[in-house]
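A structural walkthrough
Listed below, chain by chain, are the residues.
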Amino acid sequence: MSRIPTEATDVLVVGGGIIGLVTAWRAAQRGLSVAVVDPGPGGGAARVAAGMLAAVTELHYGEQTLLALNVESARRYPRFAAELSEASGQDLGYRACGTLAVALDADDRAHLRELHAFQLKSGLESEWLSGRECRRLEPMLAPGVRGGLRVDGDHQIDPRRLASALVTACERAGVAFHRQKAERLSVIRDRARGVTLTDGTALAADRTVLATGSHSASLPGVPEEVRPPVRPVKGQVLRLTVPPRYAPFLSRTIRAVVRGNHLYLVPRVNGELVVGATSEELGWDTTVTAGGVYELLRDAHELVPGITELPLTETCAGLRPGSPDNAPLLGPTTLPGLLLATGHYRNGVLLTPITGDVMAHALTTGELPPEASPFAPDRFPAAPAPAPAPSEQPA
Ligand code: GLY
């Protein structure tokens, strides 16, 4: 049974992860009336993410267009973090610590040499170091480290603090929260008009933003031709704690490719050490497996042998919202009134500042700013119907 629609807001954001929240916050700052629908705002993939702001060390072949967006978002981060910290009264754990990407054997070294050449060709700052120079910077590294790339511009933030600060900043900016699940997109006379919640409440809005991460293809009522082609890509992550007597265990983010697996260790000021991540195409599965934990610890131990002395305080798994070209889908769709902010895959935390700016621009002008034009949703054909998420499967 549907209830009488509420008074319409200018903007309704479906999804209260960091991407939905930053969209809501920036839109509210521009004077729009905004509401967010999410059973647990501040949750989502950011609860699991390590928070590397790694535009340079996470460069991949074929992603040069995305690189420009990543680099621009990294450039905006210090000001964004300061503004959000001020608006929320919370510390975000932003740390301009730099990153060291290291090689353990001849194959890793060759791979890193190629990455270095590609970084320089792309106009990025990155310095080649010998194994000895790497260990001078980070004495806990294994004696076998053969060389590395020092990238002082790749920083980090604590994504859990980022999410919490965004919830507070939204509340302070007057964003309304509906702590429920959106059940269906309302489309009336070929225009998106808001959503219906699970309790039957109809929320009306002039513009609806779909920002539900890996679930973005799953909202009933979204016409097939604008359904985003986003899929879940599982990542398992560990959290360890560095006791004060071992500090500083590591002073910057360490990355490596070990036997083809990407590995990173992200040390926080509060002693947390995040180790990630697996990358698994297993649909909606978020099980933490013995194999996943084993592989992460085995590879991390090869890189930093002392890690096995540390308490293991948390294991978790999250779902990256993967898109066909690994880049986000931003801005208006061909269905009037429906916009997307999804598909950020490995770069959701890094792309948070620019996503907020781009979406606020799109919501106020109806157009994408030039830096976001390659990421318009209509670059893809429609997505096939997704498998139902666990909560939607029959018991
Ligand atoms: N950006 C890190 C990851 O996706 O694992």
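To continue, consider the overall build of the protein chain. Across its full length, the protein chain holds 7 helices and 18 strands. Taking 395 residues into account, the globule formula puts the C-alpha radius of gyration at 21 Å, and the protein chain, at 21 Å, falls close to it. Principal-axis analysis of the C-alpha atoms gives the protein chain an extent of 70 × 45 × 40 Å. In the protein chain, buried positions account for 57% of the 395 residues. Long-range pairs, those at least 24 residues apart, make up 75% of the contacts in the protein chain with a sequence separation of at least 6. Each charge class in the protein chain can be summarised by its mean position, and for the 39 positive and 42 negative side chains these summaries are 3 Å apart.

Before going further, it helps to spend a moment on the site of the ligand. The full set of residues close to the ligand is Met52, Glu58, Tyr264, Ala277, Arg320 and Arg346. Between the ligand and the protein, one listed contact pairs an oxygen atom with a side-chain N or O atom of Arg320 at 2.7 Å. Contact with the protein chains hides 84% of the accessible area of the ligand, taken as 200 Å² for the molecule alone. For the shell around the ligand, the class distribution of residues is 3 nonpolar, no polar and 3 charged.

The next thing to look at is the packing of helix α2 (residues 64–88) against helix α5 (residues 159–172). At their nearest, the axes of α2 and α5 sit 8 Å apart, and the two run at 60 degrees to each other. Of the possible angle classes, the one that applies to α2 and α5 is oblique. Crossing of α2 over α5 shows left-handed handedness. Across the interface between the two elements, Tyr77, Phe80, Leu84, Ala87 and Ser88 of α2 pack against Leu162, Ala165, Leu166, Thr168, Ala169 and Arg172 of α5. Its residues assigned to classes, the contact of α2 with α5 comprises 8 nonpolar, 2 polar and 1 charged.

For helix α7 (residues 352–365), built from 14 residues, the straight-helix expectation of 20 Å at 1.5 Å per residue is met to within 8% by its first-to-last C-alpha distance of 20 Å. What α7 keeps buried is the set Thr352, Pro353, Ile354, Thr355, Gly356, Val358, Met359, Ala360, Ala362 and Leu363.

On to the sheet that holds strand β16 (residues 312–322). Strand order in the open sheet made by the 8 strands is β5-β6-β4-β13-β14-β15-β12-β16, with mixed pairing throughout. Each end of this open sheet is capped by a strand with a single partner; those strands are β5 (127–130) and β16. Neighbour-to-neighbour, the strand axes of the sheet open up by a mean angle of 25 degrees, direction not taken into account. Across 4 bridges, strand β4 (residues 99–103) lies against strand β13 (residues 253–258) in parallel orientation. Bridging across to β13, Thr99 finds its partner in Thr253. Helix-sheet contacts for helix α3 (residues 106–121) involve β4, β5, β6 (147–151) and β13, and the interaxial angle to β6 is about 30 degrees. Contacts from helix α6 (residues 290–303) reach β4, β12 (231–241), β13, β14 (261–267), β15 (272–276) and β16, with the element oriented near 70 degrees to β14.

Moving on, we get to the environment of Arg193. One can find Arg193 in strand β10 (residues 191–197). The exposure class assigned to Arg193 is partly exposed, which follows from its relative accessible area of 32%. As a C-alpha pair, Arg193 and Arg150 span 43 residues in sequence and 49 Å in three-dimensional space. If sequence neighbours within four positions are ignored, Arg193 has contacts with Ser186, Ile188, Leu203, Ala204, Ala205 and Thr208.

Right, let's talk about unusual backbone geometry for a bit. Cis rather than trans, the peptide bond between Ala247 and Pro248 has omega equal to -10 degrees. Relative to the helices and strands, Pro248 resides in the loop between β12 and β13. Located in the positive-phi region is Asp190, a residue other than glycine, with phi close to 60 degrees. Relative to the helices and strands, Asp190 is located in the loop between β9 (182–188) and β10. Not every positive phi belongs to a glycine, and Tyr345 is a case in point at roughly 50 degrees. Along the chain, the position of Tyr345 falls in the loop between β18 (338–342) and α7.

Right, let's get into α5. For α5, built from 14 residues, the straight-helix expectation of 20 Å at 1.5 Å per residue is met to within 8% by its first-to-last C-alpha distance of 20 Å. Taking burial as the measure, the 14 residues of α5 include 10 buried ones, the bulk of the element. For α5, the complete set of buried residues consists of Pro159, Arg160, Leu162, Ala163, Ala165, Leu166, Val167, Thr168, Ala169 and Cys170. The N-capping residue of α5, defined by a side-chain oxygen 3.0 Å from the backbone nitrogen of Arg160, is Asp158. Where α5 ends, the next residue or the one after it, Gly174, has phi of about 90 degrees, a positive value.

Right, let's talk about the packing of aromatic side chains for a bit. Using the criterion set out here, one finds 4 aromatic pairs in the structure. Each ring, one from Trp25 and one from Phe80, has its centre 6.2 Å from the other, and the planes form 70 degrees; the classification is edge-to-face. Taken together, the positions of Trp25 in helix α1 (residues 18–29) and Phe80 in helix α2 put the pair 55 residues apart, joining distant regions of the chain. Each member of the pair, Trp25 as well as Phe80, carries the same accessibility label: buried. Ring centres 5.6 Å apart and planes at 85 degrees place the aromatic pair Tyr77 and Phe80 in the edge-to-face group. Of this pair, Tyr77 and Phe80 both sit in helix α2, 3 residues apart, which is roughly one turn of that helix. A network of ring pairs unites the aromatic residues Trp25, Tyr77, Phe80 and Tyr94 as a single cluster. A cation over an aromatic ring shows up here: Arg113 above the ring of Trp128, its NZ or CZ 3.8 Å from the ring centre.

The rules behind each value
Residues numbered from 1 in each chain as written. Predicted model: local features only at pLDDT ≥ 70, side-chain atom pairs only at ≥ 80, totals over all residues. Heavy atoms only, no water. Helix = DSSP H or I, 4+ residues; strand = E, 2+ residues; numbered from the N terminus. Rg over C-alpha atoms; globule rule 2.2 N^0.38 Å. Buried < 20%, exposed > 50% of the residue type's maximum accessible area, 1.4 Å probe, protein only. Contact = heavy atoms within 4.5 Å. Lys, Arg positive; Asp, Glu negative; His and termini not counted. Charge placed at Lys NZ, Arg CZ, Asp CG, Glu CD. Near = heavy atom within 4 Å. Polar contact = N/O pair within 3.5 Å; in protein donor to acceptor, adjacent residues only side chain to side chain. Areas by Shrake-Rupley, 256 points an atom, 1.4 Å probe, with all protein chains shown as cover. Nonpolar A, V, L, I, M, F, W, Y, C, P; charged D, E, K, R; others polar. Axes fitted to C-alpha atoms, helices over the stretch in contact; angles between N-to-C directions. Parallel < 35°, antiparallel > 145°, perpendicular 65-115°, else oblique. Left-handed = near helix turned anticlockwise from the far one by under 90°. Expected span 1.5 Å × (residues − 1). Pairing = 2+ DSSP bridges. Phe/Tyr/Trp six-rings, centres within 6.5 Å; stacked < 30°, edge-to-face > 60°. Lys NZ or Arg CZ within 6 Å of the ring centre and 35° of its normal.

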